[in-house]
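# Observations on the model geometry
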Amino acid sequence: MSELELEQNQEERKWARRAHLSTILTYPMALLPFPFFISSLGAMVYPFVLWLSRNKSSYSAKQSLEAIYLQALLSLGFFGFGAKFSDDRVLLVFSYVLMAFLHVVFLGIAIYRTTIGKAHHYPFSFFPLLFSSNQTKENWNELKKKFEDKVEFSEYKSQMEKLDEFRSKTEKESKSLTDLTLQGLCTEYLHSLSDLRVKLAEDPLSYRKAKQFLNYFPETVSKILNQYNQLNSEVNSAESEKRKTELNSLLSEVIKTTEQVRNKLKADETLNLDVEITAMKKNIEFGGY
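Residues numbered from 1 in each chain as written. Predicted model: local features only at pLDDT ≥ 70, side-chain atom pairs only at ≥ 80, totals over all residues. Heavy atoms only, no water.

Named according to an unreviewed UniProt entry, the protein chain is DUF4870 domain-containing protein originating from Leptospira harrisiae. As recorded by UniProt, the Subcellular location (unreviewed entry) comment attached to the protein chain reads in full: "Membrane". (UniProt positions renumbered as here; feature names shortened; annotations may be inferred.)

Structure representation (structure tokens):
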């Protein structure tokens, strides 16, 4: 992974953490001469502005939406308890303290997950479903017009659907990883894969240049992670460490290749991944996968 890519990823994590931490503004704003729930709603401004300023498909933008969702829950909670227990000071204070405690717990989990670069969703958040719908529902009729060959369009559509499938499987397998370094690498890979998919959806004809990558890498990574998780639960610690080292190396190479594909597509350059695929196959065979 290049220093620039690592820096960009760290930047995304930093802004994601800031979005979640901004919900703490609820409490200093409570000192203003307004009802507490209004102060809570006012604290929603920062994550909203952050969401507006970031790339809408980026990690930080999606986490900003989650922060807005948490702020909305806080506002509803404080407003509801305030209206329900306005005549009972003891219950009112207790309910507010309970809300603040839950806020701290949820926020702590969010900060931890964004620190390691994992997607975080608050309880009952509808954003995972929304993101999933945006990723999989394409205007196929519009995209079809860009292809003169119907067979090629069918191939493109099939590959995009497979990419979503393997991306989902990889995300699922990555959640089973116990090593934080491997989790971080998987997150890097998934972000790159998502950006690549956006590029392929914006410029469908660029798919021709990415066919080698799509035919091999997404499925291979998904299978390797699946096998690693199965082996990791069975082998001894020495073998487990060896597997981690091998998988670390493989994922680093996959991330590098994914970034290469993305950059080549953006620069409208021809791709030739034969060498990378051959090397990858040898590494996989050497590792026993």
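Anyway, onward from the coordinates.
## With respect to the overall build of the protein chain
Scanning the protein chain for helices and strands turns up 13 helices and zero strands. Listing every helix and strand of the protein chain by position from the N terminus yields α-α-α-α-α-α-α-α-α-α-α-α-α. Scored against the burial criterion, the 289 residues of the protein chain give a buried share of 42%. Put simply, 73% of the contacts in the protein chain that link residues at least 6 apart link residues at least 24 apart. (Helix = DSSP H or I, 4+ residues; strand = E, 2+ residues; numbered from the N terminus. Buried < 20%, exposed > 50% of the residue type's maximum accessible area, 1.4 Å probe, protein only. Contact = heavy atoms within 4.5 Å.)

## So, the side chain of Ser95
As for its position among the elements, Ser95 is in helix α6 (residues 89-115). At 2.8 Å, the side chain of Ser95 forms a polar contact with the backbone oxygen of Leu92. Contact partners of Ser95, with chain neighbours within four places excluded, come to Phe81 and Phe85. (Polar contact = N/O pair within 3.5 Å; in protein donor to acceptor, adjacent residues only side chain to side chain.)

## A look at the nonpolar core
In terms of nonpolar packing, the biggest core is built from 31 residues, with Tyr156, Leu182, Leu200, Phe213, Leu214, Leu247 and Leu251 touching the most fellow members. Only α8 (140-144), α9 (150-174), α10 (180-202), α11 (207-232) and α12 (237-266) provide two or more residues apiece to this core. A per-element tally of this core places α11 first, with ten residues. (Core = buried A, V, L, I, M, F, W, Y, C linked by side-chain atoms within 4.5 Å.)

## A few points about a nonpolar patch on the surface
A cluster of nonpolar residues, Phe94, Leu98, Phe101, Leu102, Val105 and Ile109, forms a patch on the protein surface that exposes about 540 Å² of accessible area. In this fold, Leu102 is placed in helix α6. (Patch = residues over 30% accessible without salt bridge, like charges linked within 9 Å, V, L, I, M, F, W, Y side chains within 5 Å. Areas by Shrake-Rupley, 256 points an atom, 1.4 Å probe, with all protein chains shown as cover. Salt bridge = Lys/Arg side-chain N within 4 Å of Asp/Glu carboxyl O.)

## Some thoughts on the packing of aromatic side chains
According to the stated counting rule, one finds seven aromatic pairs in the structure shown. Positioned above the aromatic ring of Trp15, the side-chain terminus of Arg18 is 4.4 Å from the ring centre. (Phe/Tyr/Trp six-rings, centres within 6.5 Å; stacked < 30°, edge-to-face > 60°. Lys NZ or Arg CZ within 6 Å of the ring centre and 35° of its normal.)

## A short note on the pattern of salt bridges
By the definition in use, this model includes eight salt bridges. As a salt-bridge pair, Glu11 and Lys14 come within 3.2 Å of each other at their nearest N and O atoms. Taken together, the residues span about one helical turn, with Glu11 and Lys14 both in helix α1 (residues 3-21) at a distance of three residues. The residue Lys169 makes a salt bridge to Glu165 at a minimum N-O spacing of 3.1 Å. Of this pair, Lys169 and Glu165 are both found in helix α9, four residues apart, which corresponds to roughly one turn of the helix. Since its relative accessible area comes to 39%, Lys169 is described here as partly exposed. Residue classification places Glu165 among the partly exposed residues on the basis of a relative accessible area of 38%. Shared partners join several salt bridges into a network, and the residues in it are Asp164, Arg167 and Arg197.

## Here's the deal with the environment of Lys172
Its place among the elements puts Lys172 in helix α9. Assessed through its relative accessible area of 64%, Lys172 is described here as exposed.

## Here we look at the side chain of Ser75
If you trace the backbone, Ser75 turns up in helix α5 (residues 59-84). Given a relative accessible area of 4%, Ser75 falls into the buried group. At a separation of 3.0 Å, a polar atom in the side chain of Ser75 contacts the main-chain carbonyl oxygen of Gln71.

## Points about the UniProt feature "transmembrane region" (unreviewed entry) in the protein chain
The UniProt entry lists residues 30-52, 64-83 and 89-112 under the feature "transmembrane region" (unreviewed entry), expressed in the numbering used here. The distance separating the terminal C-alpha atoms of residues 64-83 is 29 Å; by composition the span is 100% helix and 0% strand. A distance of 35 Å separates the end C-alpha atoms of residues 89-112, which is 100% helix and 0% strand.

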